[in-house]
2 protein chains.
Amino acid sequence: MSRNADTSTPILPVLAERWSPRSFDTSRSLTMADLTPAFEAARWSPSLSNLQEWRFLVGFRGDATFAAMTEHLSGWNASWAPNAGAIVIGMYEDDPENRGREYAPYDLGQAMAHFSVQAHADGLFVHQAAGFDRDAIAAHFNVPTTWKVFVVAAVGHLGAPELLDETLRARETAPRVRRPLDETVFTHPFPAA
Amino acid sequence: MSRNADTSTPILPVLAERWSPRSFDTSRSLTMADLTPAFEAARWSPSLSNLQEWRFLVGFRGDATFAAMTEHLSGWNASWAPNAGAIVIGMYEDDPENRGREYAPYDLGQAMAHFSVQAHADGLFVHQAAGFDRDAIAAHFNVPTTWKVFVVAAVGHLGAPELLDETLRARETAPRVRRPLDETVFTHPFPAA
């Protein structure tokens, strides 16, 4: 089963091949050393005035941080993300005094994109999600109120689709789709939806 | 002069080598075909529930779109960005009816990161900036009020630092720096600033 993006022109294999699975191989574990290249890639992403207004909390399956993170996942995420080797929670500085505040979530997105691309190059898969209790995470990990807990990402080795229940298995194997490029890129005027 | 990131562990060369110059080679021009792989890379970036709530306006040096864009650059950007081969303006859907609204700037950041990485792989350089008149751009290009004009990116072939004035030349050649990884990634508790 190829999950490669059906691109209109060739792009870097690591970008075409990256996708976001929900099935992770629980026989494989991860350590900080396994994720260091991905964090290093995130570190070198661009940000407004090089402010780097992001932080990453990471837990590894089996440790207390990971256990606390999985407790606060919601919906479907609670069923599949705990099988990942690691969970990363991304947060950004959301301080009225921070002149880069408006761009902080944008820059966190850039950092997480770099993280995901490097992780994929290292044989790992990343699935980002929004469904978790941000306030509970902030309280548990003493995140200052000037920081916004924003996104959770499961990271691990790919598992078989058969490990998922029927609904998620169908999503796992459905064709990857995106809006056509000519509805996304324009020269003038703004494209119709 | 190497501009490669000084990483604590090896990462993909395209991620280590990517940086954001201000000097562009005005003897080189760009066409849509040159940017199609980068837009295609952006297209295949991940987004919340695959909503893809981003659009890109693009102008090429010499055309009317580019001219209108450069008119509305502010500050230093007005001095260097017009030398780029193309200017890309990223926008995201900012509609109260959009359930992914809060993640739209984050996802635009991911899309622009993919764009930048692919552009670099194609021998191009990208410099993103926030200093431009968003309202004027929205008005000129008939961007609906439910969309937020957010970021401008100059794209082109690298020029010599000597083409810049003294202040910008110093920035162009200064060592690339980032906060150390152990101040960015934590397991518990939140790291001190």
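Residues numbered from 1 in each chain as written. Chains lettered and ligands numbered in written order. Predicted model: local features only at pLDDT ≥ 70, side-chain atom pairs only at ≥ 80, totals over all residues.

Heading Sequence similarities (unreviewed entry) of the UniProt record for chain A holds this comment: "Belongs to the nitroreductase family." (UniProt positions renumbered as here; feature names shortened; annotations may be inferred.)

### Digging into the relation of the copies chain B and chain A
Aligned on chain A, chain B shows an RMSD of 0.0 Å; the corresponding rotation is 180° and the shift along the axis is 0.0 Å. When the rotation and shift are considered jointly, the pair of chain copies conforms to a two-fold rotation axis. Most of the interface of chain B is mirrored in chain A, where 100% of its interface residues are also at the interface. (Least-squares fit on C-alpha atoms with pLDDT ≥ 70 in both. Contact = placed C-beta atoms within 7 Å.)

### Some details on the sheet that holds strand E4 (residues 147-156) of chain B
Strand order in this open sheet of five strands is E5(A)-E1(B)-E2(B)-E4(B)-E3(B), and the pairing throughout is mixed. Edge strands, defined here as strands with exactly one partner in the open sheet, are strand E5 (185-186) of chain A together with strand E3 (125-129) of chain B. Direction of pairing for strand E1 (residues 54-60) of chain B relative to strand E2 (residues 86-93) of chain B: antiparallel, over a ladder of seven bridges. Pairing of Val 58 of chain B across the sheet is with Val 88 of chain B, part of E2 of chain B. The strands touched by helix H5 (residues 104-121) of chain B are E1, E2, E3 and E4 of chain B; relative to E2 of chain B, the strand with the most contacts, the crossing angle is about 155°. (Pairing = 2+ DSSP bridges. Helix = DSSP H or I, 4+ residues; strand = E, 2+ residues; numbered from the N terminus. Axes fitted to C-alpha atoms, helices over the stretch in contact; angles between N-to-C directions.)

### What to know about unusual backbone geometry
It is generally the case that most residues other than glycine have a negative phi and that most peptide bonds are trans. The residue after His 188 of chain A, namely Pro 189 of chain A, is reached through a cis peptide bond having omega -10°. Within the secondary structure, Pro 189 of chain A is located in the segment after E5. In this structure, Asn 142 of chain B takes a positive phi of about 55° despite not being glycine. The class of Asn 142 of chain B is exposed, set by 9 C-beta atoms lying within 10 Å. (Buried ≥ 20, exposed ≤ 12 C-beta atoms within 10 Å, placed from the backbone.)

### Structural notes on the interface of chain B and chain A
Each partner contributes residues to the interface: chain B has 59 residues there, and chain A has 59 residues. When contributions to the side of chain B that touches chain A are tallied by element, the ones reaching two or more residues are helix H1 (13-17), helix H2 (32-43), E1, H5 and strand E5 (185-186) of chain B. The greatest single-element share of the side of chain B that touches chain A, amounting to 12 residues, is contributed by H5 of chain B. When grouped by side-chain class, the residues that make up the side of chain B that touches chain A number 35 nonpolar, 18 polar and six charged. Pairing analysis gives two bridges linking strand E1 (residues 54-60) of chain A to E5 of chain B, with the strands arranged parallel. (Nonpolar A, V, L, I, M, F, W, Y, C, P; charged D, E, K, R; others polar.)

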